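Below, each chain spelled out in residue letters.
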Amino acid sequence: MQAISEVIPVLSSVDNYYNSVPAVLDRVETITGKSLKRYECDIRNREGLEKVFAETSPQAVIHFAGLKAVGESSKLPLMYYENNISGSVVLFEVMEKFNCKKIVFSSSATVYGNNPIPYKETMPTGDVSNPYGRTKHFIEQILGDVYKADNTWSISLLRYFNPIGAHESGLIGEDPNGIPNNLMPFISRVAIGKLPQLTVFGGDYDTKDGTCIRDYIHVVDLAKAHLCAVAKILDTTGINAYNIGNGVGYSVLDIINAFEKTTGQKLNYIIGDRRAGDLPAFYADATKANTELGWKAQYDIDKMCIDTWNFQTKNPDGIK
Ligand code: WQD
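Residues numbered from 1 in each chain as written. Predicted model: local features only at pLDDT ≥ 70, side-chain atom pairs only at ≥ 80, totals over all residues. Heavy atoms only, no water.

**Some words on the overall build of the protein**
Move 1: A count of helical and extended segments in the protein gives eleven helices and twelve strands.
Move 2: Its C-alpha atoms give the protein a radius of gyration of 19 Å, within 12% of the compact-globule value 20 Å for 320 residues.
Move 3: Across its three principal directions, the C-alpha atoms of the protein cover 55 × 40 × 40 Å.
Move 4: In the protein, which comprises 320 residues, the share counted as buried stands at 49%.
Move 5: For the protein, the computed accessible surface area is about 14,500 Å², with 52% contributed by carbon and sulfur atoms.
Move 6: Charged side chains of the protein number 32 positive and 37 negative; the gap between the two group centres comes to 1 Å. (Helix = DSSP H or I, 4+ residues; strand = E, 2+ residues; numbered from the N terminus. Rg over C-alpha atoms; globule rule 2.2 N^0.38 Å. Buried < 20%, exposed > 50% of the residue type's maximum accessible area, 1.4 Å probe, protein only. Areas by Shrake-Rupley, 256 points an atom, 1.4 Å probe, with all protein chains shown as cover. Lys, Arg positive; Asp, Glu negative; His and termini not counted. Charge placed at Lys NZ, Arg CZ, Asp CG, Glu CD.)

Dropping the structure here:
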């Protein structure tokens, strides 16, 4: 598989650093041996974005920018709609203005809502249980309308399942600001003593052990899926959704047990109340990404836990 810098020689990063820090990009450059043009800019800032496009003339965009915590979105829906949807519309308008019509969009498995599992790309989307997932669904629909109006666009919608883990170097990994909303960063901060206890949100679901089931995927497998999607959009036009998951469901207790087994760390946790917006279980049918993108997840749950813990122990206070 080609590295993205072989596919696109110059890479630029546009980030408002709401949930990251510039030092992360220093480490990305160390890992890849490639330099990145960097812009601190919010995608809702049309003028700033136009400056980026004028200076870089991008061939393609990978659109990661968005708030992404299911639980938080139920508490702050307007923040999620304004940031995720308004920001995306500004980005797409600037892309159109600069004749850049190739995009990989970071979508989400939450768009499937209450469909039967495993989720397939042919299933209806939109019956979503939380504002976060609804923003992803609306943005997919917006891109669908953009393509209908102008079929010279080339669009890949990558429906992420549950990305966890870290780069095996331990240089970069999941390092959210403040108290983590997501399971794995919360687990690793309890294990290293930064947080006192994990609450498992619900032990009475209709699943094998009463806790929710998700399709966890190593973040490096996820990154490789983007390389495959970029290669495809550079060569074609059209719009396609792809499930980016392992195709295997693990419960919260499975994750806790795997983490304790692979790291030797005993986790302090309790079983608490359910979290608003959570679905009992979902996982992917990832066949389409394999046949059309030539992508398949390689790493298992143990590797995800080992790489998470390696990153946490090497960065006990996160990346500054
Ligand atoms: C996973 C499970 C919680 C925290 C994620 C991303 C979202 C999207 C879909 C990409 C759930 C439980 C969590 C905790 C817990 N991904 N949990 N205690 O909600 O499935 O959504 O995947 O687009 O961006 O957020 O992930 O990690 O929040 O929760 O018991 O302290 O862990 O109830 O069952 P979720 P999550």
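Structure's up, so let's keep going.
**Let's talk about the site of the ligand**
Move 1: Near the ligand lie 21 residues; those nearest to it are Tyr-132, Asn-182, Arg-214, Arg-275 and Asp-278.
Move 2: Note that a nitrogen atom of the ligand is positioned 3.2 Å from one of the backbone N or O atoms of Phe-161.
Move 3: Separating an oxygen atom of the ligand from a backbone N or O atom of Phe-201 is a distance of 2.8 Å.
Move 4: Protein coverage of the free-state accessible area of the ligand, which is 680 Å², stands at 96%.
Move 5: Those elements that provide at least two residues to the shell around the ligand are β4 (102-108) and β7 (198-201).
Move 6: Considered class by class, the residues forming the shell around the ligand number eleven nonpolar, six polar and four charged. (Near = heavy atom within 4 Å. Polar contact = N/O pair within 3.5 Å; in protein donor to acceptor, adjacent residues only side chain to side chain. Nonpolar A, V, L, I, M, F, W, Y, C, P; charged D, E, K, R; others polar.)

**Some points on the state of the cysteines**
Move 1: Overall, the coordinates contain zero disulfides when judged by the stated rule.
Move 2: Cys-41 takes part in no disulfide bond, and the closest cysteine sulfur, belonging to Cys-100, lies 15 Å away. (Disulfide = S-S within 2.5 Å.)

**Considerations on the sheet that holds strand β5 (residues 154-160)**
Move 1: Strand order in the open sheet formed by four strands is β3-β4-β5-β10, and the pairing between neighbours is parallel. With one partner strand each, in any of the chains shown, β3 (61-63) and β10 (238-244) form the two edges of the open sheet. Sheet twist, expressed as the average angle between the axes of neighbouring strands with direction ignored, equals 15°.
Move 2: Across seven bridges, β5 lies against β10 in parallel orientation. (Pairing = 2+ DSSP bridges. Axes fitted to C-alpha atoms, helices over the stretch in contact; angles between N-to-C directions.)

**Comments concerning the side chain of Asp-175**
Move 1: By the secondary structure assignment, Asp-175 is in the loop between β6 (162-164) and α7 (183-191).
Move 2: Reaching out from Asp-175, the side chain makes a polar contact with the side chain of Arg-189 at a distance of 3.3 Å.

**So, the packing of α7 against helix α9 (residues 252-263)**
Move 1: Contact geometry of α7 with α9 gives a least axis separation of 11 Å together with a crossing angle of 40°. Regarding the angle of α7 to α9, the classification is oblique. Where α7 crosses over α9, the handedness of that crossing is right-handed. Facing α7, whose interface residues are Leu-183, Met-184, Ile-187, Ser-188 and Ala-191, α9 presents Val-252, Ile-255, Ile-256 and Phe-259. (Parallel < 35°, antiparallel > 145°, perpendicular 65-115°, else oblique. Left-handed = near helix turned anticlockwise from the far one by under 90°. Contact = heavy atoms within 4.5 Å.)

**Digging into the packing of aromatic side chains**
Move 1: Within the structure shown, the criterion is met by seven aromatic pairs.
Move 2: An aromatic cluster of three or more residues is present, and its members are Tyr-112, Tyr-119, Phe-161 and Phe-282.
Move 3: Above the face of the Tyr-205 ring, Arg-274 is positioned so that its terminal group lies 4.0 Å from the ring centre.
Move 4: The ring centre of Tyr-299 lies 5.3 Å from the NZ or CZ of Lys-303, which sits over that ring. (Phe/Tyr/Trp six-rings, centres within 6.5 Å; stacked < 30°, edge-to-face > 60°. Lys NZ or Arg CZ within 6 Å of the ring centre and 35° of its normal.)

**Brief notes about the pairing of strand β2 (residues 36-40)**
Move 1: Bridge analysis of strand β1 (residues 11-15) against β2 gives five bridges, and the strand direction is parallel. Bridge assignment links Ser-13 to a residue of β2, and that residue is Arg-38.

**A short note on the pattern of salt bridges**
Pairing is possible between side chains of opposite charge, provided their charged atoms come close.
Move 1: A full pass over the atoms with the stated rule returns 22 salt bridges.
Move 2: Between Glu-82 and Arg-44 there is a salt bridge; the shortest N-O distance is 2.4 Å. Here Arg-44 lies in the loop between β2 and α3 (46-56) and Glu-82 lies in helix α5 (residues 77-97), a separation of 38 residues in the sequence.
Move 3: Looking at Glu-82, the relative accessible area reads 38%, which means it is partly exposed.
Move 4: Linking Lys-261 and Asp-302 is a salt bridge whose minimum nitrogen-to-oxygen distance equals 3.0 Å. Remark: Asp-302 occurs in helix α11 (residues 301-314) and Lys-261 occurs in helix α9; sequence separation between them is 41 residues.
Move 5: Each of Asp-26, Glu-29 and Arg-38 takes part in salt bridges that share partners, so that together they form one network. (Salt bridge = Lys/Arg side-chain N within 4 Å of Asp/Glu carboxyl O.)

None of the figures reported here should be taken as evidence of function without further support.
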